[in-house]
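Structural features, examined
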Amino acid sequence: MVEIQAVRGMNDVLPDEAATWQRVECALLEIFGLYGYREVRFPVLEKTELFSRSIGAETDIVAKEMYTFADRNGDSLTLRPEGTASCVRLGLQHGLFHKHQQRLWYMGPMFRHERPQHGRYRQFHQAGAEAFGWEGPDIDAELIILTARIWRRLGVEGTNLQLNSLGDADTRQAYRKRLVDYLAPLRGELDTDSQRRLHSNPLRILDSKHPGTQAVLAEAPMLRDHLDRASGRHFEELCRCLERCGIEYEINPRLVRGLDYYSRTVFEWVSGELGAQGTVCAGGRYDALVEQLGGRQPVPAAGFAVGLERLVELLTQRGDAVSTQLDVYVVVLGESARSAAMQSAEQLRDRGFRVQQHCGDGGAKSQFKRADKSGAQVAVVLGEEEACTHRATVKPLRRDVPQFSIGQDQLASALSEFFEPKSKGN
Ligand code: HAM
């Protein structure tokens, strides 16, 4: 029979990798808490309309990449390609925005049917933060400063912040026309994707990496030169806050982002160490989205999402992968020692030691080999003699210290003196 493989572009996380994921997730959880963001969880499936109405029907995500299907009732459902739309839906449905400001975060898998390559997957994970109810640039700055703390906490270096402002809706509308007027006569020099976008989503052409298109764009009008005054001031104040907090940035006038809901601030953190898929985190302001999805009042909002695969990759590349080290490997020699060994192992776990007990058959030699391979600091040996005398032998595996014998009831205290347990127990 042919083995069944995972779906293309959807990854397993193996035991050796999971510890690094946990480290990233714990750091994020802690940092979101530091800034007063509270967790929300929403389903992986939503009504398709939620995404087409928010991300935009002409975007790549909605036009080409969504996992959409009719469920048994014939309703069109979609596996969430991102979290912002669901977060807004959740807030509206549960009245969270009614006279309230909200700082929310979420974490979990997202799905896009993109062409899989290194750093780009069909199931990937995001951790996102969304702030609802603040109009000023201070919240934009807070979100960016929070992300900078994530990099610091995890020791990630060399991510560069790119920043731009898309202005208000009128600015974008007017700029769109200016851009199309400029590009239309040069259509033949654009790449095919950009030609297609010329009338459907012309701002996205600014993002094109194609050299011919880039050359055409060199002389194109810049959105920043036509920014409305209020957006200009908003952006200047954001830059001032970032400078004051020591966050370096680069203004990238070509940064427009691939989702339609943005207004004013957009930003991306880009790493040079990830190849073509270097954006580790991206976000911006989306002041019109709540109303667009049925909110009765306008609720200004801003947020970002970090791509967890890319962040884990950065840590792994730096050799920062975390290992799941054990504290104790319990070696069991003889059947009569088994129950005493199980009891001792439980007592050690109560005190916070990470303990793996040898299960099944196996002689002393093979058990010590496994103990060594397990990464444990010590082997605790329980044989028939130890079982009768209520003692255990402690054999240090990583330090050049002789083994010693100890009463089973003193084992945990003796080990605590020997080294710190990895966790708090219970
Ligand atoms: P996005 O730029 O589509 O924005 O995705 C955010 C991040 O998710 C990217 O920078 C990248 O790290 C990661 N990512 C996206 N697609 C993939 C993929 N196929 N494989 C691996 N990683 C990927 C959003 O999703 C917005 N919802 C962000 C936001 C939140 N804006 C405001 N609030």
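These lines cover the structure that appears in this document, whether it is placed above or below. (Residues numbered from 1 in each chain as written. Predicted model: local features only at pLDDT ≥ 70, side-chain atom pairs only at ≥ 80, totals over all residues. Heavy atoms only, no water.)

Quick word on the sheet that holds strand β11 (residues 301-307)
Ordered by their spatial adjacency, eight strands build an open sheet running β1-β5-β6-β11-β10-β9-β7-β8, and the pairing between neighbours is mixed. Two strands in the sheet have a free side with no partner beyond their single neighbour: β1 (38-39) and β8 (250-251). Pairing between β1 and strand β5 (residues 102-111): two bridges, direction parallel. Bridging across to β5, Glu39 finds its partner in Trp105. (Pairing = 2+ DSSP bridges. Helix = DSSP H or I, 4+ residues; strand = E, 2+ residues; numbered from the N terminus.)

Some words on the nonpolar core
By size, the foremost hydrophobic cluster in this structure holds 46 residues, and its most contacted members are Phe132 and Leu183. Per-element accounting of this core gives the leading share, four residues, to helix α4 (residues 84-93). Among all residues touching Leu183, those that are not within four sequence positions of it are Leu190, Leu198, Ile205, Val216 and Leu217. Core analysis: the next-biggest nonpolar cluster, separate from the first, contains 44 residues, Ile31, Ile145, Leu308 and Val312 among them. (Core = buried A, V, L, I, M, F, W, Y, C linked by side-chain atoms within 4.5 Å. Buried < 20%, exposed > 50% of the residue type's maximum accessible area, 1.4 Å probe, protein only. Contact = heavy atoms within 4.5 Å.)

What to know about the site of the ligand
Lining the immediate surroundings of the ligand are 26 residues, of which Glu82, Glu114, Glu130, Tyr262 and Thr279 lie closest. Contacts to the ligand include Tyr121, whose backbone N or O atom sits 2.8 Å from a nitrogen atom. Here a nitrogen atom of the ligand sits 2.8 Å away from a polar atom, N or O, in the side chain of Glu130. A per-element tally of the shell around the ligand places strand β10 (residues 279-285) first, with six residues. (Near = heavy atom within 4 Å. Polar contact = N/O pair within 3.5 Å; in protein donor to acceptor, adjacent residues only side chain to side chain.)

Quick word on the pattern of salt bridges
Going through the model one piece at a time under the given rule, you end up with 17 salt bridges. A salt bridge links Glu114 to Arg120, with the nearest nitrogen and oxygen atoms 3.4 Å apart. Per residue, the accessibility class of Glu114 equals that of Arg120, and both read buried. One network of salt bridges, with partners in common, ties together Asp60, Lys64 and Arg197. (Salt bridge = Lys/Arg side-chain N within 4 Å of Asp/Glu carboxyl O.)

Examining the environment of Arg398
Among the secondary structure elements, Arg398 is positioned in the loop between β15 (391-396) and β16 (404-407). The exposure class of Arg398 is partly exposed, given its relative accessible area of 38%. Expressed as a C-alpha distance, the spacing of Arg398 and Pro211, which sit 187 residues apart in the sequence, is 56 Å. Residue contacts for Arg398: discarding those within four places in its chain leaves Ala371, Asp372, Gly375, Ala376 and Gln377. Here the side chain of Arg398 touches Asp372 through a polar contact of 2.7 Å, landing on its backbone oxygen. For Arg398, the side chain forms a polar contact with the main-chain oxygen of Ala376, separated by 2.7 Å.

Some words on the pairing of strand β12 (residues 328-333)
Burial analysis of β12 places five of its six residues in the buried class, which makes it a mostly covered element. Considered for its hand, the β-α-β crossover made up of β12, helix α12 (residues 338-350) and strand β13 (residues 355-357) is right-handed. Where β12 meets strand β14 (residues 378-383), six bridges bridge the pair, whose relative direction is parallel. The partner of Tyr329 across the bridge, within β14, is Ala379. (Right-handed = clockwise from strand over helix to strand, strands pointing away.)

Examining the side chain of Thr393
Topologically, Thr393 is positioned in strand β15. Of the residues examined, Thr393 reaches a relative accessible area of 11% and is grouped as buried. Of the polar contacts made by the side chain of Thr393, one reaches the side chain of Glu386; its length is 2.7 Å. Every residue in contact with Thr393, bar those within four places of it in the chain, is listed here: Ala379, Val380, Val381, Glu386, Gln403, Phe404 and Ser405.

Digging into α4
The buried fraction of α4 is high, at eight of ten residues. Taken together, the buried positions of α4 are Thr84, Ala85, Ser86, Cys87, Val88, Arg89, Leu90 and Gly91. Tucked inside the fold, the buried residues of α4 contact β2 (45-47), α2 (48-54), β5, β6 (123-132) and α10 (289-292). Immediately beyond the C-terminal end of α4, within one or two residues, lies Gly95, with a positive phi of roughly 65°.

As for the packing of helix α5 (residues 137-154) against helix α9 (residues 229-244)
Working note: a packed helix pair is described by the angle between its axes plus the distance between those axes. For the pair α5 and α9, the least separation of the axes is 9 Å and the interaxial angle reads 40°. Relative to α9, α5 is oriented oblique. Both α5 and α9 take part in a crossing whose hand is right-handed. Contacts from Pro137, Asp140, Ala141, Ile144 and Ile145 of α5 reach α9 at His234, Glu237, Leu238, Cys241 and Leu242. Of the residues contributing to the contact of α5 with α9, the split by class is seven nonpolar, one polar and two charged. (Axes fitted to C-alpha atoms, helices over the stretch in contact; angles between N-to-C directions. Parallel < 35°, antiparallel > 145°, perpendicular 65-115°, else oblique. Left-handed = near helix turned anticlockwise from the far one by under 90°. Nonpolar A, V, L, I, M, F, W, Y, C, P; charged D, E, K, R; others polar.)

Considering the side chain of Gln162
Mapped onto the secondary structure, Gln162 falls in strand β7 (residues 159-165). Ignoring sequence-local partners within four residues, the contact set of Gln162 consists of Glu250, Asn252, Leu255, Val266, Phe267, Glu268 and Val270.

Brief notes about a nonpolar patch on the surface
Side chains of Val44, Leu45 and Phe69 sit close together on the surface and give an oily, nonpolar patch of about 210 Å² of accessible area. Its place among the elements puts Val44 in the loop between β1 and β2. Exposure remark for Val44: the relative accessible area of 34% places this residue in the partly exposed category. (Patch = residues over 30% accessible without salt bridge, like charges linked within 9 Å, V, L, I, M, F, W, Y side chains within 5 Å. Areas by Shrake-Rupley, 256 points an atom, 1.4 Å probe, with all protein chains shown as cover.)

Notes on the packing of helix α6 (residues 169-183) against helix α7 (residues 192-200)
Here α6 crosses α7 at 135°, and the two axes come no closer than 10 Å. It follows from the interaxial angle that α6 and α7 lie oblique. Considering the relative orientation of α6 and α7, their crossing is left-handed. Between α6 and α7, the contacting residues are Arg176, Val180 and Leu183 on the first element and Leu198, His199 and Ser200 on the second. Taken together, the residues of the contact of α6 with α7 sort by class into three nonpolar, two polar and one charged.

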